Amino acid sequence: MTDFEMDKGADGVAVIRWDVPGKSMNVMSREGFTELETLVDDALADEGVKGIVITSGKDDSFAGGMDLNAIARMRDEAGDAPAQGLFDGVMGMHAILRKIERAGMDDKNRGGKPIAAALPGTALGIGLEIPLACHRIFAADNASAKIGLPEIMVGIFPGAGGTTRLVRKMGAMAASPLLLEGKLNDPKKAKSAGVVDEVVPADELLDKARAWVLEAGDKDIVKPWDEKGYKMPGGAPYHPQGFMTFVGASAMVNGRTQGAFPAAKALLSAVYEGALVPFDTALKIEARWFVNVLMNPSSSAMIRSLFINKEALEKGANRPDAPDQRVQKLGVLGAGMMGAGIALVSAQAGMEVVLIDQDQAAADKGRAYTADYMDKGIKRGKATEEKKVETLGRITATTDYGALNGCDLIIEAVFEDPAVKAEVTRKALAEAGGDCIFATNTSTLPITDLAKASDTPEQFIGIHFFSPVEKMQLVEIIKGKQTGDRAVAKALDYVRQIRKTPIAVNDARFFYANRCIIPYINEGIRMVAEGVTPPLIDNAARQLGFPVGPLQLVDETSIELGAKIARATKAAMGDDYPDEAVDEVIFWMEGEGRLGRKAGAGFFDYDEKGQRQGYWPGLAERYPPKDDQPELIEVQHRLMFAQVLEAVRALEDGVLEDIREGDVGAILGWGFAPWSGGPFSWLDILGAPYAVERCDALAGRHGRRFDAPALLREMAEKNETFYGRFGQHAQAA
Ligand code: NAD
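Scoring rules and cut-offs
Residues numbered from 1 in each chain as written. Predicted model: local features only at pLDDT ≥ 70, side-chain atom pairs only at ≥ 80, totals over all residues. Heavy atoms only, no water. Helix = DSSP H or I, 4+ residues; strand = E, 2+ residues; numbered from the N terminus. Rg over C-alpha atoms; globule rule 2.2 N^0.38 Å. Contact = heavy atoms within 4.5 Å. Areas by Shrake-Rupley, 256 points an atom, 1.4 Å probe, with all protein chains shown as cover. Lys, Arg positive; Asp, Glu negative; His and termini not counted. Charge placed at Lys NZ, Arg CZ, Asp CG, Glu CD. Axes fitted to C-alpha atoms, helices over the stretch in contact; angles between N-to-C directions. Parallel < 35°, antiparallel > 145°, perpendicular 65-115°, else oblique. Left-handed = near helix turned anticlockwise from the far one by under 90°. Nonpolar A, V, L, I, M, F, W, Y, C, P; charged D, E, K, R; others polar. Near = heavy atom within 4 Å. Buried < 20%, exposed > 50% of the residue type's maximum accessible area, 1.4 Å probe, protein only. Core = buried A, V, L, I, M, F, W, Y, C linked by side-chain atoms within 4.5 Å. Pairing = 2+ DSSP bridges. Domains from an automatic or database assignment. Buried area = accessible area lost by both parts, 1.4 Å probe. Salt bridge = Lys/Arg side-chain N within 4 Å of Asp/Glu carboxyl O. Polar contact = N/O pair within 3.5 Å; in protein donor to acceptor, adjacent residues only side chain to side chain. Patch = residues over 30% accessible without salt bridge, like charges linked within 9 Å, V, L, I, M, F, W, Y side chains within 5 Å.

K.L.:
Would you explain the overall build of the protein in this entry?
P.N.:
Helix and strand counts for the protein stand at 30 helices and 21 strands. On C-alpha atoms alone, the protein measures out to a radius of gyration of 28 Å, which is about the 27 Å that the 2.2 N^0.38 rule sets for 733 residues. Each principal axis of the C-alpha atoms in the protein carries an extent, and together these give about 85 × 65 × 55 Å. In the protein, 73% of the contacts between residues at least 6 apart in sequence involve partners at least 24 apart. Surface exposure of the protein reaches about 30,800 Å², of which carbon and sulfur atoms provide 51%. When the 84 basic and 105 acidic side-chain charges of the protein are each reduced to a single mean position, those positions are 3 Å apart.

Below you can see the structure in the form of structure tokens.
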């Protein structure tokens, strides 16, 4: 079986169909590339062939992209001179696509064979880079199709000519959201953006492409950049208009990424340098920067976490063996902020939802959240009135627990109070059938304790969402001591239905995500008390790629909540409580009424509209900035190690059973420096010996919380890496 097949028609059009056996969407392998080249060579050499259409054998997609597993392996397989090996491989891909683009033309641009791409649907990554090398791109009018170059999202950039061709086709300014943000468009938007040339009814796709191929003349198939006097749309860097674009793009990329993402910088360099030279040299430059990115450990770490492992977790890598547990009817207890969001995403996924609160008004308000959300979607053209009616129709808002009859999963999201939670658990389980799985969305209470309200603790589990539910991709599943396999399978199947990414961890204080976020926030607050300036603290984090610094984060989540958690933790831990220095600041802020963004006053001042105005000067009066401020790297290492050491301890304690979950969960759950691939990947990049050295230095200066965990110390002695030691199917230490 091969990935590509060719069918030479009597009309002289050779149709090359991409149809990878056994896959619902095509992905490109290195072997696939060779097959494509062989067929193109054959068609170009065959005098009976007048032109070519490249299309897909899949009904509603062209291709999902390059097989990223292959890219991840490419470097490792490139032998003693990996950069050279990679470069040669990438130049090989360029040569094939360039062959398609030139299609047998002579140096006067005569005598080539027209080649059209016919895309039935989704065309991503290499699935768009191949069409970009063709002479005309036809896309079927398929509203659910996504067309674009999302490579930047996993830490690389389009390196098979996509970068160079798109910029030359549309200009740097127009190409920048597509390249730098990985923005995807449906076919119509892709046409108005200038990415595809024609959108046609799906059943006419092949005929239209074929007809164009038969009619196209020499002039129609020469790319503008292969013609004399080509000028880049919007101007090259030394053109006055181009100058503005390039200066602006550079500032924008640095502003957005804070310089923390190697791929964004490399992409911009490839575009800038490529714009100054002829096309073939530009391809070579693109290849050099692409190899530079592939050689950076960040790119393989990002691909591993954000593509390979994320997908594996979504597909149920850690699902226990149990029959299909897809949810039909869901009960949601508590229609507040979280309950309303849970009802929304579940109804969107097609489930029947019963949304319960203490009084009808509160329940209705929770349901109205879905209506508001859908209205916003309609305004932005992302939803329709019918979709809204359909989605809302699935949600019943009520105070009647009897409506829970027949629910196969109930998620509780009432107040964070064990007594209230126990009461609603009992009431709900009295109504639901005996098979029903009961889940709590608690952020802080032990699952094993809450399970005591149920007679069937093996059917009790934690399903911990992050706020806002509809935006946050991660869902943390927490197994109590008695939680059984079916409950875990149910939670995983449910998360899959709502198309989020699950991690499954064991029950311990703050589970996994909050356990790591709290030390991050606390480290920031400690530094305030020591007289480190707040901008240095927050910017140090942002330059590491965190979406917000620790002080801004506390303002967003509320200082009141921080104080509440601190009191509860202290009560539970007694003399072992380690965070007095943090509480000093938090309790004082609380006393001053600086409760965070919602109160319009926190570490920052806010205007009446809630816009941040700058750090509150009162902070510097109480904690005057010290004269000698620490080096940026010291602040950054304090913030990073505070989190990653907690992640290592979670692994040591058996809270985490799989380092893949630790890495993916950190990036999706709290925006942990995505370029690093996650806490464990970051430690692997540093190397355990250096990490331990840093821990010793930090512990000496700042306290025992930076002591290297025994596991890390042992790994340093043996010079092991986490991915080396715990492998792909990592189990607890
Ligand atoms: P919320 O105060 O917005 O909503 C709680 C809702 O529960 C309210 O509408 C309330 O009327 C209802 N409720 C209270 N007692 C009830 C009862 N006896 N019967 C029926 N309904 C009752 O709170 P929230 O922020 O949505 O949090 C809910 C749960 O989710 C808590 O356990 C919280 O720890 C957890 N959580 C919150 C967040 C977050 O960021 N807010 C994140 C993850 C988890």
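K.L.:
For this particular structure, what's the right way to read the packing of helix H28 (residues 688–702) against helix H29 (residues 710–718)?
P.N.:
Any two packed helices are characterised by the angle at which their axes cross and by the distance between the axes. At a minimum axis distance of 8 Å, the contact between H28 and H29 shows a crossing angle of 130°. Here H28 lies oblique to H29, going by the angle between them. In terms of crossing hand, the pair formed by H28 and H29 is left-handed. Taken together, the residues of H29 that come into contact with H28 (itself represented by Ala688, Pro689, Ala691, Val692, Cys695 and Asp696) are Leu712, Arg713, Met715 and Ala716. Grouping the amino acids of the contact of H28 with H29 by side-chain chemistry returns 8 nonpolar, no polar and 2 charged.

K.L.:
Quick question: what am I supposed to make of the packing of helix H1 (residues 30–45) against helix H3 (residues 82–102) here?
P.N.:
The N-to-C vectors of H1 and H3 enclose an angle of 30°; their axes lie 10 Å apart at closest approach. By the angle between their axes, H1 is roughly parallel relative to H3. Relative to H3, the crossing made by H1 is left-handed. Residues Phe33, Leu36, Glu37, Val40, Asp41 and Leu44 of H1 lie in contact with H3, whose contacting residues are Met93, Ile96, Leu97, Lys99 and Ile100. Counted by class, the contact of H1 with H3 contains 8 nonpolar, no polar and 3 charged residues.

K.L.:
Any chance you could explain the site of the ligand here in plain terms?
P.N.:
Taken together, the neighbourhood of the ligand is formed by 21 residues, with Met338, Asp357, Glu416, Lys421 and Ser443 sitting nearest. Bound to the protein, the ligand loses 78% of the 830 Å² it would expose on its own. Of all elements in the fold, only helix H13 (337–348), helix H16 (418–431) and strand S17 (460–465) reach the threshold of two or more residues within the shell around the ligand. Ranked by the residues each element gives to the shell around the ligand, the list is headed by H16, at 3 residues. In the shell around the ligand, the residues fall into 10 nonpolar, 8 polar and 3 charged.

K.L.:
Just to check I follow, could you spell out the environment of Ile308 for this structure?
P.N.:
Summarising the element assignment, Ile308 is placed in helix H12 (residues 297–314). Exposure remark for Ile308: the relative accessible area of 18% places this residue in the buried category. The sequence separation of Ile308 and Thr122 amounts to 186 residues, and the corresponding C-alpha distance is 20 Å.

K.L.:
Would you explain the nonpolar core in this entry?
P.N.:
The tendency in soluble globular proteins is for nonpolar side chains to be buried as a group. One finds Leu333, Tyr512, Phe603, Phe641, Phe680 and Phe722 to be the most contacted residues of the largest nonpolar core, which totals 177 residues. No other element matches helix H25 (residues 632–652), which puts 11 residues into this core. Excluding residues within four positions of it along the chain, Phe722 makes contact with Val648, Leu651, Ile659, Phe680, Leu683, Asp684, Leu711, Leu712, Met715 and Gly727. Counting 32 residues, the second-largest nonpolar core is a separate cluster that includes Leu330, Ile342, Ala413 and Ile461.

K.L.:
How should I be thinking about the sheet that holds strand S4 (residues 51–56) in this particular structure?
P.N.:
Sheet strands pair by backbone hydrogen bonding; their relative direction is either parallel or antiparallel. Taken together, 6 strands build an open sheet; the order of strands is S1-S2-S4-S7-S9-S11 and the sheet is mixed. Only two strands of the sheet have a single neighbouring strand rather than two, namely strand S1 (4–8) and strand S11 (198–200). Direction aside, the axes of adjacent strands within the sheet are offset by 20° on average. Summarising the sheet, strand S9 (residues 136–140) and S11 pair through 3 bridges and their orientation is parallel. When the sheet's bridge partners are listed, Ala139 is paired in S11 with Val199. Along the sheet, helix H8 (residues 205–215) contacts strand S2 (13–18), S4, strand S7 (115–119), S9 and S11; its crossing angle with S7, the most-contacted strand, is approximately 170°.

K.L.:
Before we go on, may I ask you to explain the environment of Lys570 in this structure?
P.N.:
By the element assignment, Lys570 lies in helix H22 (residues 559–573). Using a relative accessible area of 32% as the deciding quantity, one classes Lys570 as partly exposed. Sequence separation of Lys570 and Ala349 is 221 residues, and the distance between their C-alpha atoms is 40 Å. Each residue touching Lys570, except ones within four places of it in the same chain, is listed here: Tyr577, Glu580 and Asp583.

K.L.:
I'm lost on the domain arrangement of the protein in this one. Help?
P.N.:
A common way to express how large an interface is: the accessible area buried when the components associate. Here the protein is described as being made up of domain 1 (4–295), domain 2 (329–507) and domain 3 (514–725). If you average the C-alpha positions of domain 1 and of domain 3, the two centres end up 42 Å apart. Contact residues are listed per partner, giving 5 residues for domain 1 and 6 residues for domain 3. Here domain 1 and domain 3 share an interface that buries about 440 Å² over both sides, 60% of which is from carbon and sulfur atoms. When the area that domain 1 buries against domain 3 is broken down by residue, the three leading residues are Gln258, Ala260 and Phe261, summing to 91%. Counting the contacts that link domain 1 with domain 3 gives 0 salt bridges. Viewed at the interface, domain 3 and domain 1 are joined by 0 residue pairs in polar contact (both at pLDDT 80 or more).

K.L.:
Would you take a moment to explain a positive patch on the surface for this structure?
P.N.:
On the surface, Lys146, Lys183, Lys189, Lys376, Lys379, Arg380, Lys382 and Lys471 cluster together into a positively charged patch. Here Lys471 falls in the exposed class, since its relative accessible area comes to 67%.

K.L.:
Explain the pattern of salt bridges here, please?
P.N.:
For side chains bearing opposite charge, pairing can occur when the charged atoms are close. Enumeration over the complete set of coordinates arrives at 53 salt bridges. Across the pair Asp46 and Lys8 runs a salt bridge, and its minimum N-O distance is 2.7 Å. Of this pair, Asp46 sits in the loop between H1 and S4 while Lys8 sits in strand S1, and the two are 38 residues apart along the sequence. A relative accessible area of 23% means that Asp46 is categorised as partly exposed. Between Lys58 and Asp19 there is a salt bridge, with the nearest N and O atoms lying 2.6 Å from each other. With a gap of 39 residues between them, Lys58 in the loop between S4 and strand S5 (61–63) and Asp19 in the loop between S2 and strand S3 (27–28) connect regions that are remote in the sequence. For Lys58, a relative accessible area of 12% gives the class buried.

K.L.:
Just to check I follow, could you spell out the sheet that holds strand S12 (residues 329–333) for this structure?
P.N.:
The 8 strands lie next to each other as S14-S13-S12-S15-S16-S17-S18-S19, forming an open sheet whose pairing is mixed. This sheet does not close on itself; its edge strands, each paired only once, are strand S14 (395–398) and strand S19 (501–506). Strand-to-strand twist across the sheet, computed as the mean angle between neighbouring axes with direction ignored, equals 25°. As judged from the 4 bridges shared by strand S13 (residues 352–356) and S14, these two strands associate in the parallel manner. When the bridges of S14 are listed, Val353 appears paired with Ile395. Strand contacts of helix H18 (residues 485–497): S12, strand S15 (409–412), strand S16 (437–440), S17, strand S18 (474–479) and S19, with the helix running at about 25° to S17, the strand carrying the most contacts.

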